[in-house]
Amino acid sequence: MVSKELLEILACPSCKGDLNYDAEKDTLTCRAKHCPHCGMPVDEKGACTDAECGKTTTAPVGLEYRVEEDIPIMLIDEAKKLPL
């Protein structure tokens with residue numbers, strides 16, 4: 001279980017958005033729109049904001065970060081991509 005103090009300061013490493021903690025699944029989820037290819041934020045037109053990726057999508061995803069032994073694994077590359 002992630003401490004309340006830590007939950008208050010954590011943010012999505014991709015978009016700096018708010019995270020929702022699911023104690024049952026022991027995951028942190030960001031429901032902001034992210035690129036399904038690289039995980040970085042997308043703009044209002046669905047274009048990835050990462051210059052190296054730059055792909056456009058009509059199906060952005062949310063990101064789910066796992067928690068292991070009370071430690072959030074906040075790596076974009078390891079986040080599970082969730083349909084919005």
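Look up: the structure comes first, before these words.
About the thresholds
Residues numbered from 1 in each chain as written. Predicted model: local features only at pLDDT ≥ 70, side-chain atom pairs only at ≥ 80, totals over all residues. Heavy atoms only, no water. Salt bridge = Lys/Arg side-chain N within 4 Å of Asp/Glu carboxyl O. Helix = DSSP H or I, 4+ residues; strand = E, 2+ residues; numbered from the N terminus. Buried < 20%, exposed > 50% of the residue type's maximum accessible area, 1.4 Å probe, protein only. Pairing = 2+ DSSP bridges. Contact = heavy atoms within 4.5 Å. Polar contact = N/O pair within 3.5 Å; in protein donor to acceptor, adjacent residues only side chain to side chain.

Asks: A description of the pattern of salt bridges should follow, citing residues and the corresponding values.
Replies: A pair can form between side chains of opposite charge whenever their charged atoms are brought close. Evaluation of the coordinates by the stated rule reveals three salt bridges. Here Glu64 and Lys25 are joined by a salt bridge, their closest N and O atoms 3.0 Å apart. Here Glu64, found in strand 3 (residues 61-68), pairs with Lys25, found in the loop between strand 1 (20-22) and strand 2 (27-34); they are 39 residues apart in sequence, far enough to count as distant. Given a relative accessible area of 51%, Lys25 falls into the exposed group. Between Arg66 and Glu78 there is a salt bridge; the shortest N-O distance is 2.9 Å. In this pair, Arg66 is assigned in strand 3 and Glu78 in the loop between strand 4 (71-72) and strand 5 (80-83), connecting sequence segments 12 residues apart. By relative accessible area, Glu78 is classed as partly exposed at 43%. Among the charged side chains, a network of salt bridges with common partners joins Arg66, Glu68 and Glu78.

Asks: Please give an account of the pairing of strand 2 that cites residues and values.
Replies: Two elements, strand 1 and strand 2, share three bridges in a ladder whose sense is antiparallel. Note that in strand 2 the partner of Asn20 across the bridge is Thr29. Joining the antiparallel neighbours strand 1 and strand 2 is a turn of four residues, in which Asp26 adopts a positive phi near 55 degrees. Bridge analysis of strand 2 against strand 3 gives five bridges, and the strand direction is antiparallel. For Thr27, the partnering residue across the bridge sits in strand 3 and is Arg66.

Asks: Explain the environment of Cys48 to me, using residue names and the numbers behind them.
Replies: Structurally, Cys48 is set in the loop between strand 2 and strand 3. Of the residues examined, Cys48 reaches a relative accessible area of 9% and is grouped as buried. Taking the C-alpha atoms as reference points, Cys48 and Glu24, 24 residues apart in sequence, are found 32 Å from one another. When near neighbours in sequence (up to four residues on either side) are disregarded, Cys48 contacts Cys35, Cys38, Met40, Pro41, Val42, Cys53, Gly54 and Lys55.

Asks: Give me the side chain of Ser14: which residues, what numbers.
Replies: When you line up the elements, Ser14 lands in the loop between helix 1 (4-9) and strand 1. Polar side-chain contacts of Ser14 include one of 2.7 Å to the backbone oxygen of Gly39. Those residues in contact with Ser14 that lie beyond four places of it in its chain are His34, Gly39, Met40, Pro41, Leu63, Tyr65 and Ile76.

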